[in-house]
Amino acid sequence: MSEEVKEKKGFFKRLKEGLSKTRNNIAESFFNLFKATEIDEDFYDSLEETLVMSDMGYETTEKIIDDLKAIVKEQKIKEADACRDIVVNIIRDQMSVDESAYDFEDKKTVILVIGVNGVGKTTSIGKLAAQYKSQGKKVLMAAADTFRAAAIDQLKTWSNRAGVEIIAQNEGADPSAVVYDAVAAAKARNTDILLIDTAGRLHNKKNLMDELAKMRRIISREYPEANVESLIVLDGTTGQNALEQARQFSSVTEINGIIITKLDGTAKGGIAIAIQSELNVPVKYIGIGEKIEDLQRFNPSNYVTALFADFDVKSDIEMIIDKDIEKIEPDDDLFDI
């Protein structure tokens, strides 16, 4: 069994374990719901309550129920039991991420990483840097969160751990000056990916907007050939607060993708579905632990399977995993997470 397949198999297992609190929170009501003999308003009300309990939010839940009602009407479905797989597939479809979402990984790219303090922003940068380097890419970090000395020191620690060079100045330096130096270094060193840590402040939107806009202008002017990717890091344990943070950041800057951290052990795992559905921005990476490999590409199918896994009946993906794993190619779409 290849190390890559072992790692991806292990990630799915840890993902399922990490989402166990969410699954336990909704499992009994979710599965009992489909034992109903008929589809009526009480059925839809109970489904709404169950989905909201997982922190999917009212807006996302309403979308799911509206889609379900349309399918039930179109296919003339009478039994509630027939709706279970339909609901799961609706959620899976809402979470779909186009493969082109990761094209930036194979281009000369500057990644602006944004998010409030404490969500795992700097740690996520370190893990991504280590993973990109392990893929043979030339990676550079920039410590543009200059308002916190701890952020600079933390990123330096990660640069040493990942074996990646870092551009940093002293606490209180102009963040845009750091970006300018980092862009110049990235060009001179033929860097594949430049990861920029930015300040995590929301108390003054105008300052945040101005700062991020200035950084983008510098990148566009000094490194026009580079692709610019903006990723927001959100703490999965905060549920609807994470969604509100994403809304606020998206109101002041463009966001190309989402990283959701700390999904291990949260009872609010449905928030990943709500965030992507309501913001129409793809979740690109999820984190379920402290290790470097615990931050992985987001795979909607695996996520929904882990979230709604039946405790009594193994899902298709689990049965495949339990078979001779060596028969599955390492790049099989099933494990592309």
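For the structure, check the block above.
Here the structure is a predicted model, which is why all the values come from computation and not from measurement. (Residues numbered from 1 in each chain as written. Predicted model: local features only at pLDDT ≥ 70, side-chain atom pairs only at ≥ 80, totals over all residues. Heavy atoms only, no water.)

A. Fine view of the pattern of salt bridges. Taken as a whole and assessed by the stated rule, the structure comprises 15 salt bridges. Here Glu105 makes a salt bridge to Arg297, at a shortest N to O gap of 2.7 Å. Of this pair, Glu105 sits in the loop between helix H5 (84-94) and strand E1 (109-114) while Arg297 is found in strand E8 (residues 295-297), placing the two residues 192 residues apart along the sequence. Judged by relative accessible area, which is 7%, Glu105 ranks as buried. (Salt bridge = Lys/Arg side-chain N within 4 Å of Asp/Glu carboxyl O. Helix = DSSP H or I, 4+ residues; strand = E, 2+ residues; numbered from the N terminus. Buried < 20%, exposed > 50% of the residue type's maximum accessible area, 1.4 Å probe, protein only.)

B. Fine view of the sheet that holds strand E4 (residues 193-197). Across the sheet, eight strands lie side by side as E3-E2-E4-E1-E5-E6-E7-E8; this open sheet has mixed pairing. For this open sheet the edge positions go to strand E3 (165-167) and E8, each flanked by a neighbour on one side alone. Averaged over neighbouring strand pairs, the angle between their axes works out to 25° when direction is ignored. Across the sheet, helix H10 (residues 240-250) lies against E1 and strand E5 (227-235), angled at about 150° from E5, the strand it touches most. (Pairing = 2+ DSSP bridges. Axes fitted to C-alpha atoms, helices over the stretch in contact; angles between N-to-C directions. Contact = heavy atoms within 4.5 Å.)

C. Looking closely at helix H2 (residues 20-33). With 14 residues, H2 should reach 20 Å at 1.5 Å per residue; the first-to-last C-alpha distance of 19 Å fits that figure. Its maximal kink placed at Ile26, H2 deviates by approximately 45°. Along H2, the positions that sit buried rather than exposed are Thr22, Arg23, Ile26, Ala27, Phe30, Phe31 and Leu33. (Expected span 1.5 Å × (residues − 1). Bend = angle between axes of the 7 residues up to and from the residue.)

D. Looking closely at unusual backbone geometry. With a phi angle near 75°, Asp55 is a residue other than glycine that sits in the positive phi range. Here Asp55 is to be found in the loop between helix H3 (41-53) and helix H4 (58-75). Despite not being glycine, Asn280 has its phi angle at roughly 55°, a positive value. Residue placement: Asn280 occurs in the loop between helix H11 (271-279) and strand E7 (283-287).

E. Molecular detail of the side chain of Thr198. Mapped onto the elements, Thr198 comes out in the loop between E4 and helix H9 (205-222). For Thr198, the side chain forms a polar contact with the main-chain oxygen of Val113, separated by 2.7 Å. Dropping the residues within four chain positions of it, Thr198 is found in contact with Leu112, Val113, Ile114, Lys121, Ala144, Asp145, Leu212 and Met215. (Polar contact = N/O pair within 3.5 Å; in protein donor to acceptor, adjacent residues only side chain to side chain.)

F. Quick look at the pairing of E1. Of all six residues that make up E1, six are buried, and the element is covered over most of its length. Burial along E1 is two-sided: the face carrying Thr109, Ile111 and Val113 and the face carrying Val110, Leu112 and Ile114 are both buried. Pairing analysis gives five bridges linking E1 to E4, with the strands arranged parallel. Looking at the pairing, Val113 lines up with Asp197 of E4. With six bridges joining them, E1 and E5 adopt parallel strand pairing. Across the sheet, the residue bridging to Ile114 is Ile232, located in E5.

G. Here's a closer look at the nonpolar core. By size, the foremost hydrophobic cluster in this structure holds 105 residues, and its most contacted members are Leu68, Ile91, Leu195 and Tyr303. It is helix H8 (residues 175-188) that contributes the most residues to this core, six residues altogether. (Core = buried A, V, L, I, M, F, W, Y, C linked by side-chain atoms within 4.5 Å.)

H. Looking closely at the packing of aromatic side chains. In this structure the tally under the stated criterion is four aromatic pairs. Consider the rings of Phe34 and Phe43, whose centres lie 5.9 Å apart with planes at 70°: the pair is edge-to-face. Comparing Phe34 with Phe43, the two get one shared label, buried. Among the aromatic residues, those joined into a cluster by ring pairs are Phe34, Phe43 and Tyr44. Sitting over the face of the ring of Tyr44, Lys69 holds its NZ or CZ atom 4.9 Å from the ring centroid. Lying over the aromatic face of Tyr102, Arg297 brings its terminal NZ or CZ to 4.1 Å of the ring centre. (Phe/Tyr/Trp six-rings, centres within 6.5 Å; stacked < 30°, edge-to-face > 60°. Lys NZ or Arg CZ within 6 Å of the ring centre and 35° of its normal.)

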